Structures are given as structure tokens and as C-alpha cells.
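# Architecture and fold: a report
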Amino acid sequence: MSIREKRLMQSKISLGTVQFGLDYGIANKNGKVSRQKVFEIFKYAKASGINSLDTAYAYGQSEEVIGAYLKQHPDQFQVVSKLPSLDAYIPGKAEEFLQLTLNRLNIKRLHGYLIHNVENFFTYEDLWEELVCLKGKSRIDRIGFTLYSPMELETLLEKNIEFDLIQIPYSIFDRRFEKYFDILKKRRVEIHVRSVFLQGLVFLKPDDLQGNLLKAQKQINDLRKLSQDHNVSISAICLNFVLLNKCVDKVVIGIDNLDHLRKNMKSLALFNRINQLGQELNNLIIHDENILMPFKWHLEDRKRKK
């Protein structure tokens, strides 16, 4: 990998910060990251070429922790945050939440502000007009949505909503949004992808799977075998796979500790090796949304208990 390619891959990484405010992730055994360790992660991230953070009002204390760091080290990162779910739409409420977020973060402007619950938009379409107005006041560079299913995206496209940033799940298993990438780029939409490791599912042992996740045993076994056969870590395969897609602008990865981040950044050197896996990666695609959408993982278990 050339120095130019390396810098490009580094700059495409965005730190997901939900673990800095909440216990999160099926494979997370360490719980919420301490503030001191978060600061160490930020310092290393900046030195490694990472310039973007992803957070949300709903991520517990995440915005406050980021804000404490940015107060000491201003202008080191672009920040994308998200409007919390609304029980009802009250004019001016989005602006109120935006200002709370800016205050928490100790910044005057967001790179991106997303509607976290797209159902709020479908129910209260005036909410979008308020975000457009807030963007016009120069407190937000880009506005958009965080989505879970292609059906949501199709609805936005049919309504011809002029969003300019979108965050969607995308991974070696989850390729549902891939067919829309060219359409989005033609509309000059910035594409941020998350769930690269499917909330830690890729790291679980097949025998540890339960509920709907039992249906993923074959793909997880195949991924583990691919990792062993090519002597490349699972995280390196998953991370480099999404980075290889030229339509992807940012890859949001959640970090539990500094060593985790170091290993991920080191794995970028394997970019060209992962690029050569080709069809072997395509064989890992999963179509079942009961696996791809984490809130459905244990639905069968809940039904049995009722």
C-alpha cells in the first residue's frame, strides 16, 4: 500500500462513540469505557490520521465525554451527531436538541446532524423543514438520516428528499444497501457505514450462537475458515472489505479500548490482500433480516417465554 492509499484509508475511519457513553455490543465484555481511556483513544486516533467522530444525543454521556476532550483540544475532529427520537413534534424542538448537543460537545458547528429515528420523519415531515432551516443557519454542514432497512431509503428517494448525509449498516454479511450506492453518489450524498462487525457478531464462536443467530452459523464458520486459510484476522477482513468500496466516505467503528484501535489501524496494511479474496467474500452474504437487524436477534426466544 502506498503512503497516499494508507492516508486515504485512515481518513475514512470514523470513531463510533456509543461505548463511551453506554454498555453496548454483543461481544463487549468491558462495559463503558472510562473517560481517561477515551482521551487516550482520541489522542492516538488523531495521530493515526482519523479526523471524524460519530455520536448521538441518545448515547448516554458520549457527547459530554467528547466535549470534555474537545474543550482541551479544539478543532481536532469533525463530529456527526443525531437527533433523539421524538414522541411528538413540537416546532423548535429539533433546534433545542441541536443546541444541547453543541453545548455538550463544546463546539459551534456539526459536520452532520441526522434524524436517528426515520419514523419520526415519516410521521412529522415538518421536522425535516426545521433541519433544512438549521443547516441554513450555518450550525450544521450536512443533514440526513440513519437508516436500518432499504425500504426506508426507497421511501426517501421516492419523496425526493434532498438529504446530503446518510448512515447505514454495511458489512461482509450485510450487503442490502450496496445496490443504492451509485444512486446516492450521483445525488452527492455522503455515505457513512456502520455495523462493520455487526455489533460483534462476526467474532462469536458458532457454538455460542442462540435464537435467530443460529441461522448465521454457516457464514460465521466460513468467515473463521477464511481467516485461518489466509492467516488474516477476522477484524482485518471485515474492516478492509468495507474500506475497499470507493462509494463509502466514512466507516464508523466502535472501540472498546486503545489496543482494539491499534489493531484495527494496523490491519489497514492488509488492504491489498483482502482485495484479492474476491468471490470468497461474496459467499458470505446473508439475506435474512432476522440476522442482519440486531433488534430481531432474540425475538424467537421472547416469543417462547410468553
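Note that the coordinates shown come from a computational prediction; the quantities given were computed from them, not determined experimentally. (Residues numbered from 1 in each chain as written. Predicted model: local features only at pLDDT ≥ 70, side-chain atom pairs only at ≥ 80, totals over all residues. Heavy atoms only, no water.)

Moving on, we get to the overall build of the chain. Assigned secondary structure in the chain consists of 15 helices and eight strands. Its C-alpha radius of gyration of 19 Å places the chain within 12% of the 19 Å reference for a compact globule of 306 residues. Considered along the principal axes of its C-alpha atoms, the chain spans approximately 55 × 45 × 40 Å. Relative to its full complement of 306 residues, the chain shows a buried share of 52%. Contacts in the chain between residues at least 24 apart in sequence constitute 76% of all its contacts with a sequence separation of at least 6. Total accessible area on the chain is roughly 14800 Å²; 47% of this is exposed by carbon and sulfur atoms. On the chain, the mean spot of the 46 positive side-chain charges and the mean spot of the 37 negative ones are 6 Å from each other. (Helix = DSSP H or I, 4+ residues; strand = E, 2+ residues; numbered from the N terminus. Rg over C-alpha atoms; globule rule 2.2 N^0.38 Å. Buried < 20%, exposed > 50% of the residue type's maximum accessible area, 1.4 Å probe, protein only. Contact = heavy atoms within 4.5 Å. Areas by Shrake-Rupley, 256 points an atom, 1.4 Å probe, with all protein chains shown as cover. Lys, Arg positive; Asp, Glu negative; His and termini not counted. Charge placed at Lys NZ, Arg CZ, Asp CG, Glu CD.)

Our focus in this paragraph is the pairing of strand β6 (residues 165-169). Of all the five residues making up β6, five are buried; the element is thus mostly covered by neighbouring parts of the structure. Burial along β6 is two-sided: L165, Q167 and P169 and I166 and I168, pointing in opposite directions, are all buried. Where strand β5 (residues 140-146) meets β6, three bridges bridge the pair, whose relative direction is parallel. Residue pairing in the sheet places G144 in a bridge with L165 of β6. For the crossover from β5 across helix α7 (residues 150-158) to β6, the handedness is right-handed. Bridging between β6 and strand β7 (residues 190-194) involves five bridges; their strand directions are parallel. (Pairing = 2+ DSSP bridges. Right-handed = clockwise from strand over helix to strand, strands pointing away.)

Secondary-structure assignment places K250 in strand β8 (residues 250-254). E190 is the oppositely charged side chain nearest to the buried, salt-bridge-free K250, at an N-O distance of 6.6 Å. Of note is the side chain of K250, whose polar atom sits 2.5 Å from the backbone oxygen of S11. If near-sequence neighbours (up to four positions away) are discounted, K250 is found in contact with S11, K12, S14, N51, S52, I191, H192 and V193. (Salt bridge = Lys/Arg side-chain N within 4 Å of Asp/Glu carboxyl O. Polar contact = N/O pair within 3.5 Å; in protein donor to acceptor, adjacent residues only side chain to side chain.)

To continue, consider unusual backbone geometry. At N160, a position not held by glycine, the phi torsion is positive, near 55°. With a phi angle near 55°, Q199 is a residue other than glycine that sits in the positive phi range. Secondary-structure assignment places Q199 in the loop between β7 and α9 (217-230).

With that settled, consider the confidence of the model for the chain. Confidence in the prediction of the chain, expressed as mean pLDDT, is 90, and 94% of residues score 70 or more. Contacts from residues 300-306, a stretch scored under 50 in pLDDT, to residues over four places away or in other chains number five contacts. (pLDDT = per-residue confidence, 0-100.)

On to the nonpolar core. Of all hydrophobic cores here, the largest spans 95 residues; its most connected members are F145, F163 and F173. For this core, the element with the highest residue contribution is helix α10 (residues 234-243), accounting for eight residues. Look past the residues within four positions of F173 in its chain and what remains in contact with it is L198, V202, Q219, I220, L223, L284, I285, I286 and L292. (Core = buried A, V, L, I, M, F, W, Y, C linked by side-chain atoms within 4.5 Å.)

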